[in-house]
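Analysis of the macromolecular model
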There are 2 protein chains.
Amino acid sequence: MLMGNAIVGQSGGPTSAINATLSGVIRGAGKSGKINKLYGMKNGIEGLLNEEFVDLSYLFSDEEKLSLLETTPASALGSCRKKLPNLDTPEDIFDKIFAIFSKLDIRYFFYIGGNDSMDTVYKLSEYARSKRYDIKIVGIPKTIDNDLPCTDHTPGFGSAAKFIATAVAEIATDCAVYKMKAVTIIEAMGRDAGWLAAAAALAKEYNGMGADLIYLPERPFYDNEFIESIEKCFETHPNVVVVVSEGVRYENGEYVGASKQNGMVDVFGHRYLAGTAKNLESLVKAKIGCKVRSVELNLLQRCSSHILSKTDIDESALIGESAVSFALDGKTGIMLTFVRSNEGGYKIEISSVPVSSVANKVKFVPKSYINEEGNNVTKECVDYISPLIIGEKQIKYQNGVPVHIRLK
Amino acid sequence: MLMGNAIVGQSGGPTSAINATLSGVIRGAGKSGKINKLYGMKNGIEGLLNEEFVDLSYLFSDEEKLSLLETTPASALGSCRKKLPNLDTPEDIFDKIFAIFSKLDIRYFFYIGGNDSMDTVYKLSEYARSKRYDIKIVGIPKTIDNDLPCTDHTPGFGSAAKFIATAVAEIATDCAVYKMKAVTIIEAMGRDAGWLAAAAALAKEYNGMGADLIYLPERPFYDNEFIESIEKCFETHPNVVVVVSEGVRYENGEYVGASKQNGMVDVFGHRYLAGTAKNLESLVKAKIGCKVRSVELNLLQRCSSHILSKTDIDESALIGESAVSFALDGKTGIMLTFVRSNEGGYKIEISSVPVSSVANKVKFVPKSYINEEGNNVTKECVDYISPLIIGEKQIKYQNGVPVHIRLK
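Note that this is a predicted model, so its numbers are computed, not measured.

Conventions adopted
- Residues numbered from 1 in each chain as written.
- Chains lettered and ligands numbered in written order.
- Predicted model: local features only at pLDDT ≥ 70, side-chain atom pairs only at ≥ 80, totals over all residues.
- Least-squares fit on C-alpha atoms with pLDDT ≥ 70 in both.
- Contact = placed C-beta atoms within 7 Å.
- Domains from an automatic or database assignment.
- Helix = DSSP H or I, 4+ residues; strand = E, 2+ residues; numbered from the N terminus.
- Buried ≥ 20, exposed ≤ 12 C-beta atoms within 10 Å, placed from the backbone.
- Right-handed = clockwise from strand over helix to strand, strands pointing away.
- Expected span 1.5 Å × (residues − 1).
- Axes fitted to C-alpha atoms, helices over the stretch in contact; angles between N-to-C directions.
- Parallel < 35°, antiparallel > 145°, perpendicular 65-115°, else oblique.
- Nonpolar A, V, L, I, M, F, W, Y, C, P; charged D, E, K, R; others polar.
- Core = buried A, V, L, I, M, F, W, Y, C linked by C-beta atoms within 7 Å.
- Pairing = 2+ DSSP bridges.
- pLDDT = per-residue confidence, 0-100.

A few words on the relation of the copies chain B and chain A. Relative to chain A, chain B is turned by 180° and slid 0.0 Å along the rotation axis, the superposed coordinates differing by an RMSD of 0.1 Å. Both copies of the chain, as the preceding transformation shows, are related through a two-fold rotation axis. The overlap is high: 92% of the interface residues of chain B also sit at the interface in chain A, so the same surface is used on both sides.

See below:
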């Protein structure tokens, strides 16, 4: 086999584990002995088009830096939300990309990202196939949302879930100090799939304090049922804690958080949401009249790298390293996946699927994971998420704050 | 000296360190050999009046439980916001309280709290003095707000500051992944004093990523200056991070978070107190038109006990233990304080002041800690806060979430 170069990029919303995957790719490339140079593209496909690269083989030549990279939040290479045009549109963007590959002698292309990034992987691999261009195009999943199909779970979800379970336990403990009736509504990310809100269930299960009610976008939301459920909780205790996905919707499809929105959409046509918990705060104030407050967990869900699931970080690094092996084995047009085995305890193997079966599809929380009332998750759901948050990744601190690594 | 009993309560908004102080009181009472029984009053003075007590000497007889208590967030005994009436109003509430003291043979009263709680300590000690009742009444400070006078800083502030500095570093890192112009506005607690927002400065100082602009309530806020400062930041980088105290006000005294010009109306037509950061988000959207988002750090500032300053927790436990010594030495009507010495590095000694000099007063961020433009803090401020966030308190985890201890 001829020695060639490789390139890796990060795309979409950052996570606390996406740099662990990058460190895995760097390690894999270094160990392989079959890759001359590993380039990093800055800001994903956008940086590729602008020919903005860094030499990762050089920048991360020692283990200490790689280990710091593992616990640095967000995308060290930068990110983008650029979507490639359809293959059948007469655009020279693909020609341009492949001319750059050719110039840099790129034989392996790794793209770490979520749903939209897998669309990029799909299009590039289809184009390469149609042009018989010799390059292996490999997608590596990441998203705190855990909403990619074909994989048991996604790298990044475990750390987000650990943060959410911990934060919800702490907030529920905080809210329990007063004796007066109060409702606290905590908003988790999750536009279409409710995995992050579901992770809040681990707080009550394992810490003892947590959410009384959990609402996911997979089930329509009814104001009256919500108020009734709160009133029922008040029968046993004065401090009610609710966790709600940002994406919960009414039966007519309208987002609960939509009334504050001004119709903004992101470049992929997704509606921009901000105010689910705030709107429910107003509702509770109007219908029950007790003290009520809302807490958006917001960006910390995806960047709180001071509390990382060791399982998640280790797996995220492993899937990055494995991506290099799969590419060197000649695989292309694939996304790597986790396959879970529960025999003799939780175990993960790395596999792959054609990226065409992933792109632009969403994995929802299944029906059996949601209770009958639609206001909490089941034990089956808790058991599914539990192993993903196990273990604490040690963080390096200096002067009392975490140490991160930066590429410039 | 006759052996008597003691009682301790927690009051006001909880912190991540208030239980460390409680553990200190329990340790101090146990070691003293001069206190028969240490009672805990549930929900502060409210529980005292309802005669709701727990026997802390019995509940925390082993070190493992005490150590878990140290890292459990919020007030393990519960809290209240009850304020005692003035001493000269003809109410029998004081008689009632002292009858309970007498019944339980209480000789030492410890109250862990903030400003309002020190008012309770003051009134009880004045009443005891006027009735020549033999009891030592001791206040122990706590507040994440760091706004109590007469003490170098308050127990609880260091852990909140560490969380804020860490979160701001992480959020700034997250926000830097895209190349498009964007403003992120992070809201810290602090109604009157800006200490918590000021702590955000440690992010940039020690992590490298952090806030470009910091606004405190100590200086009037001007919309136009704010927009100009953001535009100036854009000259050097596309991602601007702002940290703002919830209590920032316009020159006319109106809270930015309650502003009519930038405010919102909720779905029920009521004017909605969206909050300071949300209102500034609207302002930036209107005046600059770039991507803008707001993040309220919210309750996690005071309860994120998964990231604790070891310095803060150790000092908080020490001041609790010292309170017992001061009381046994016959001191009453006092609040314990931290006195800082910087000779040969940061060092803290425990002292006390008459509680009358503390009650209902606020310690503001001094002028020399705020830069001339009023949009950041000075190196002097950073140097003051720095030692308080040093060290990481180890947390016990089980099944991936922190283990806490509860009294019931």
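Once that is clear, we can look at the domain arrangement of chain A. Residues and elements named next belong to chain A. Split by domain assignment, chain A resolves into domain 1 (4-145 + 305-360 + 391-402) and domain 2 (157-302). Spacing between the C-alpha centres of domain 1 and domain 2 amounts to 33 Å. Listed per partner, the contact involves 16 residues of domain 1 and 16 residues of domain 2. Among the elements that line the side of domain 1 that touches domain 2, the one with the most residues is helix α13 (residues 310-328), at 3 residues.

Taken across its 7 residues, strand β1 (residues 4-10) of chain A has 5 buried, putting it largely inside the fold. Note that the unit made of β1 of chain A, helix α1 (residues 18-32) of chain A and strand β2 (residues 35-41) of chain A has a crossover that is right-handed.

Over its 19 residues, helix α7 (residues 157-175) of chain A extends 26 Å from the first C-alpha to the last, a length consistent with the 27 Å expected when each residue adds 1.5 Å. Taken across its 19 residues, α7 of chain A has 19 buried, putting it largely inside the fold.

Each partner contributes residues to the interface: chain B has 53 residues there, and chain A has 54 residues. For the side of chain B that touches chain A, the elements supplying multiple residues, two or more each, are α7 (157-175), α9 (201-207), β11 (291-296), α12 (300-303), β14 (397-398) and β15 (401-402) of chain B. Ranked by residues supplied to the side of chain B that touches chain A, first place goes to α7 of chain B with 9 residues.

Attention now goes to the packing of α1 of chain A against helix α4 (residues 63-70) of chain A. All names here are of chain A. Axis separation between α1 and α4 bottoms out at 7 Å; the angle between their running directions is 150°. What the angle tells us is that α1 and α4 run roughly antiparallel. The residues of α4 that touch α1, namely those facing Asn19, Ala20, Leu22, Ser23, Ile26 and Arg27, are Leu66, Leu69 and Glu70. When the residues that make up the contact of α1 with α4 are grouped by side-chain class, the tally is 5 nonpolar, 2 polar and 2 charged.

Quick look at the nonpolar core now. Ranked by internal contacts, the top residues of the largest apolar core, which has 261 residues, are Ala198 and Ala200 of chain A together with Ala198 and Ala200 of chain B. In this structure Ala200 of chain A touches Ile164, Ala165, Val168, Ala188, Gly210, Ala211, Ile214 and Val243 of chain A, once residues within four positions along its chain are discounted.

Residues and elements named next belong to chain B. The strand order across the open sheet formed by 7 strands is β3-β2-β1-β4-β5-β12-β13, and the pairing between neighbours is mixed. Across the chains shown, the open sheet's two edge strands, defined by having one partner strand only, are β3 (53-55) and β13 (347-354). Along the sheet, successive strands turn relative to each other by an average axial angle of 30°, direction set aside. Packed on one face of the sheet, helix α1 (residues 18-32) meets β1 (4-10), β2 (35-41), β4 (106-113) and β5 (136-141) and runs near 175° to β1.

As a further point, take the pairing of strand β5 (residues 136-141) of chain A. All names here are of chain A. Summarising burial for β5: 6 of the 6 residues are buried, a large majority. Remark: the strand β4 (residues 106-113)/helix α6 (residues 115-130)/β5 crossover connection has right-handed handedness. Here β5 runs beside strand β10 (residues 334-341); their pairing, made up of 2 bridges, is parallel. Looking across to β10, one finds that Val138 is bridged to Ile334.

Residue and element names in this part refer to chain B. Notably, Arg132 is not glycine yet its phi reads approximately 50°, a positive angle. As for its placement among the helices and strands, Arg132 is situated in the loop between α6 (115-130) and β5. With 6 C-beta atoms counted inside 10 Å, the residue Arg132 sits in the exposed group. Phi at Cys150 is positive, roughly 75°, even though this residue is not glycine. Its place among the elements puts Cys150 in the loop between β5 and α7.

In this section: the confidence of the model for chain A. Residue and element names in this part refer to chain A. Considering every residue of chain A, the mean pLDDT works out to 93; 95% of them sit at 70 or more. When the criterion is pLDDT under 50, residues 260-274 qualifies, and its contacts beyond four places in sequence or with other chains add up to 25 contacts. For this predicted complex, the interface confidence score (ipTM) comes to 0.96, while the overall pTM stands at 0.96.

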